[in-house]
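Coordinates in review
Listed here are the chains, written in short residue letters.
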Amino acid sequence: MSTGYRISLARTLAFALLYAAAVYAGRRTAMVADSVSLVWPAAGVAVVWFCAHRDAPTRWLDTILLAVILGVGNWRTGAPADVSVVAGLVGVIQVWIFLWALRRWRPNLWGAGGTDTLRSPRDLWVLFAVTLVTCIGTHAVSLLGRGLVTGSFTIESSLMALARHVASILIIGTAGIYLGAGTARWQARPPLRRTSLWRTAEIAGIFTLSIAGHIGAFAYRHGLPLSFALLGLTVLVGTRLRTPWVLLHNAVVSAIAVQYTLRGTGPFAQADDVAQRAVIVQLFCILVALVGLALALGRDERTTLLTALAEEKTELDTQKNLLTAVIDSMADGLAVIASDGRITMRNPAVTELLGGRKSPDDRLADSGWYGLYRVDGTRFADDELAYLRALAGEDVRGVDMLVRNPGVPEGRVVRVTATTLPHADGTNSAVVLFHDVTAERRHRDELTNFAGVVAHDLLNPLAAVEGWTAAALDALDGVPDHPNLDQAHADLARLTRASARMRGLIDGLLAYTTAREATVAPSPVDLAEVVADITQARADAAVAAGKPEPRFTIAALPPVQADPVLVRQLVDNLVGNAIKYTAPGVVPQLVISADTSGGMVTVRIVDNGIGIPDGQHDAIFGNFHRAHTTGGYLGTGLGLAICKRIVERHGGDISAADDPGGGSCFMFSLPEATAAHPHLAPV
């Protein structure tokens, strides 16, 4: 026999002895010769017994012992043998109905498969409903069984039994569930806090007052209706004492009511009818238990909720402080602006980036207050500010503005990103991020200027080289045949080609600096007309050079809102690349199409060229990157970098991919001409 089984068996025997004592005590409260008991504590003890042994290995023994003890107890105290057998069977049915209903409606409670105790009035009402369902069902079976063995259906006796069983399960069962759950969780409970002297005195005083009041009322022999006035004491106990004290109070008050009624004193003893007296006593006990527990559990639930709320508030405060510290430590500025212009949140970096200028009354001032300019030096209009566009529902991404005021007289370039933050009430706020790009732009400008100056300065000596080369070739035209004449012509041809490559590189540098720095002047552009003009020019150039004439398939192309000069440069570069990177002997074939989505026009240029090497689909847009360094494909590596810069300055994207049919597919997006695109408007 295992240790667990021995422990379970010992508990079974202990509960059996307790149950036998409860049966004997209940039978001792019989008030008349037909053995009508005033109370029946055995019902509550049986419920606690089977809740504690719900999964015990000795449940079969528990069932047998309960039926035997109840049947023998009834028989030994004067009940007929057949009625005692019915009583034993009904007792077993009662505990099984209770366990089934409790498991179904409150599986989290101790005894139903969980470990929770009674935590709220809702738990109490569910337990009360389980008790009513159990007792009504059980006593319907009891009434039927007694009728079959005795030939009579004593409804009055069954009603009295129903009342005392409900009272017993409610008073003893709730105490058992509470104590059982507390015992199961004892090791996990935090240490008990020491009760203050004042609180100890309050508990003792209230408990003593209530018990003394009940004893006085039930010991009084003049029949005054004092019992229901005692509910005020129950209310006091329920509102001021904890649930364990309320459970003890319920048991003591019920014992007082039963004992004094048996002695013939108290307000309930004045009822001449035994059945009425029994029912009234049980109703009083049920009422005391329900009122006291409802108040105590309601207070416990409120305390639990307040504790959880305090813990959540502490956690939220911790997270808030952490978030505030993170935002305040950011080098970038972050601000939240309400729809009425009120600044609801702003970190110190915002003030620093704006030159220490803080708006009065925490409301956003006009652009003149902060000294906000476009990067070309023109002042912003107030309705062009990024946060106003964000409040209108636009997303403003990466717009540069110049801040110049007494705090930053030399000027600072700040990149602004603004997004819309919707609220539940239908209003919007704007979340604005400020990033200092002054050093980045200065470095970029220096590099760009250097490249431009170098490219421009190289044109003069290059022009001299080209001029002297042409002069030398002209001079050789009249020279008689000489063994070194052919070598001279070959050397000068190589020099001419090298000069052409050098001029292409310089022109590329100049175009790149122009694409980066030229002011974008967006206007409606007929993309179809631009593409038709470029493709016709490319076809004519191929024919003039004696190369295969490219074939173009052009779909409908919607107009775009862009700078006409830069768009022409963009399309010409991409079409020229597609033609150039075609295998020898292959006729270039290009398919140009477009579609519109979200205010942007996406253009696709698909070719039948040699394609892009693996892993270089993003790298080809870098400065001076050449994907094909062999095969006679000349270039500077700046063409696609220029295309990328043009597209980005219009707020679009550009990418390259392999075409499933062979060749490459270049895609770029520009604002639709009919859309008020945020990237085209001033900051």
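Residues numbered from 1 in each chain as written. Predicted model: local features only at pLDDT ≥ 70, side-chain atom pairs only at ≥ 80, totals over all residues. Heavy atoms only, no water.

With that settled, the discussion passes to the sheet that holds strand E11 (residues 600–607). One open sheet accounts for five strands, arranged E8-E10-E11-E13-E12; its pairing is mixed. Of all strands in the sheet, those bounded by a partner on one side alone are strand E8 (551–554) and strand E12 (654–658). Put simply, the sheet's adjacent strands are angled 20° from each other on average, direction ignored. As paired elements, strand E10 (residues 589–597) and E11 share eight bridges and run antiparallel to each other. In the sheet register, Ala594 faces E11, and the bridge partner there is Val603. Contacting E8, E10 and E11, helix H16 (residues 527–544) runs over the sheet at an angle of about 170° to E8. Packing of helix H17 (residues 564–580) onto the sheet brings it into contact with E8, E10, E11 and strand E13 (664–671), and relative to E13 it is tilted by some 175°. (Pairing = 2+ DSSP bridges. Helix = DSSP H or I, 4+ residues; strand = E, 2+ residues; numbered from the N terminus. Axes fitted to C-alpha atoms, helices over the stretch in contact; angles between N-to-C directions. Contact = heavy atoms within 4.5 Å.)

Okay, the packing of helix H9 (residues 243–262) against helix H10 (residues 274–328) next. As a packed pair, H9 and H10 sit with axes 9 Å apart at the nearest point and diverge in direction by 170°. Classified by the interaxial angle, the pair formed by H9 and H10 is roughly antiparallel. In this structure, H9 uses Thr243, Val246, Leu247, His249, Asn250, Val253, Ser254, Ala257, Val258 and Thr261 to contact H10, whose residues at the interface are Arg277, Val281, Phe284, Cys285, Val288, Ala289, Gly292, Leu293, Ala296, Leu297, Arg299 and Asp300. (Parallel < 35°, antiparallel > 145°, perpendicular 65-115°, else oblique.)

For the rest of this paragraph, the subject is the packing of aromatic side chains. Tallied over the entire structure, the rule returns eight aromatic pairs. Pairing Phe50 with Trp96 gives two aromatic rings, centres 6.1 Å apart and planes at 75°, and the pair type is edge-to-face. Of the two residues, Phe50 sits in helix H2 (residues 41–52) while Trp96 sits in helix H4 (residues 81–105), which places them 46 residues apart along the sequence. On the basis of relative accessible area, Phe50 is assigned to the buried category, the value being 3%. Three or more aromatic residues joined by ring pairs form one cluster here, namely Phe15, Tyr19, Trp49, Phe50 and Trp96. The aromatic ring of Trp75 is capped on one face by Arg76, whose charged end is 5.9 Å from the ring centroid. Cation over ring: Arg263 sits above Tyr260, and NZ or CZ is 5.5 Å from the ring centre. (Phe/Tyr/Trp six-rings, centres within 6.5 Å; stacked < 30°, edge-to-face > 60°. Buried < 20%, exposed > 50% of the residue type's maximum accessible area, 1.4 Å probe, protein only. Lys NZ or Arg CZ within 6 Å of the ring centre and 35° of its normal.)

Moving on, we come to the pairing of E11. Judged by how many residues are buried, E11 sits mostly within the fold: six of eight residues are covered. Linking two consecutive strands that pair antiparallel, namely E10 and E11, is a turn of two residues; a positive phi of about 60° is found at Gly598 within it. For E11 and E13, the ladder comprises seven bridges, and the chain directions are antiparallel. Across the sheet, residue Val603 finds its bridge partner in E13, namely Phe668.

Further remarks concern the confidence of the model for the protein chain. Put simply, the protein chain has an average pLDDT of 82, and 87% of its residues get 70 or more. Across residues 675–683, confidence stays below pLDDT 50; counting only partners more than four residues off in sequence or on other chains, it has 28 contacts. (pLDDT = per-residue confidence, 0-100.)

Moving on, we get to the environment of Gln589. You can see Gln589 is positioned in strand E10. Along the backbone, Gln589 and Val606 are 17 residues apart, and their C-alpha atoms lie at a distance of 8.3 Å. The contacts of Gln589, once residues within four sequence positions are left out, are Arg551, Val606, Asp607 and Asn608.

Here the focus is the pattern of salt bridges. Opposite charge on two side chains makes pairing possible when the charged atoms of those side chains draw close. Per the stated rule, a full pass over the model turns up 14 salt bridges. The salt bridge partner of Asp340 is Arg342, with a shortest N-O separation of 3.6 Å. On the accessibility criterion, Asp340 (43% relative accessible area) is partly exposed. With a shortest N-O distance of 3.2 Å, Asp572 and Arg538 are connected by a salt bridge. Of this pair, Asp572 sits in helix H17 while Arg538 sits in helix H16, placing them 34 residues apart in sequence. The exposure class of Asp572 is partly exposed, given its relative accessible area of 27%. On the basis of relative accessible area, Arg538 is assigned to the partly exposed category, the value being 28%. Connected through salt bridges with shared partners, the residues Arg199, Glu202 and Arg240 form a single ionic network. (Salt bridge = Lys/Arg side-chain N within 4 Å of Asp/Glu carboxyl O.)

The six strands are arranged E2-E1-E6-E5-E4-E3 in an open sheet whose pairing can be described as antiparallel. Looking along the sheet, the strands with just one partner apiece sit at the ends: strand E2 (343–346) and strand E3 (372–373).

In this section: a nonpolar patch on the surface. A surface patch of nonpolar side chains, about 520 Å² in accessible area, is lined by Trp60, Ile64, Val68, Val72 and Trp75. Mapped onto the fold, Val68 is located in helix H3 (residues 59–76). A residue is classified by how much of its surface remains accessible, and Val68, at 44% relative accessible area, is partly exposed. (Patch = residues over 30% accessible without salt bridge, like charges linked within 9 Å, V, L, I, M, F, W, Y side chains within 5 Å. Areas by Shrake-Rupley, 256 points an atom, 1.4 Å probe, with all protein chains shown as cover.)

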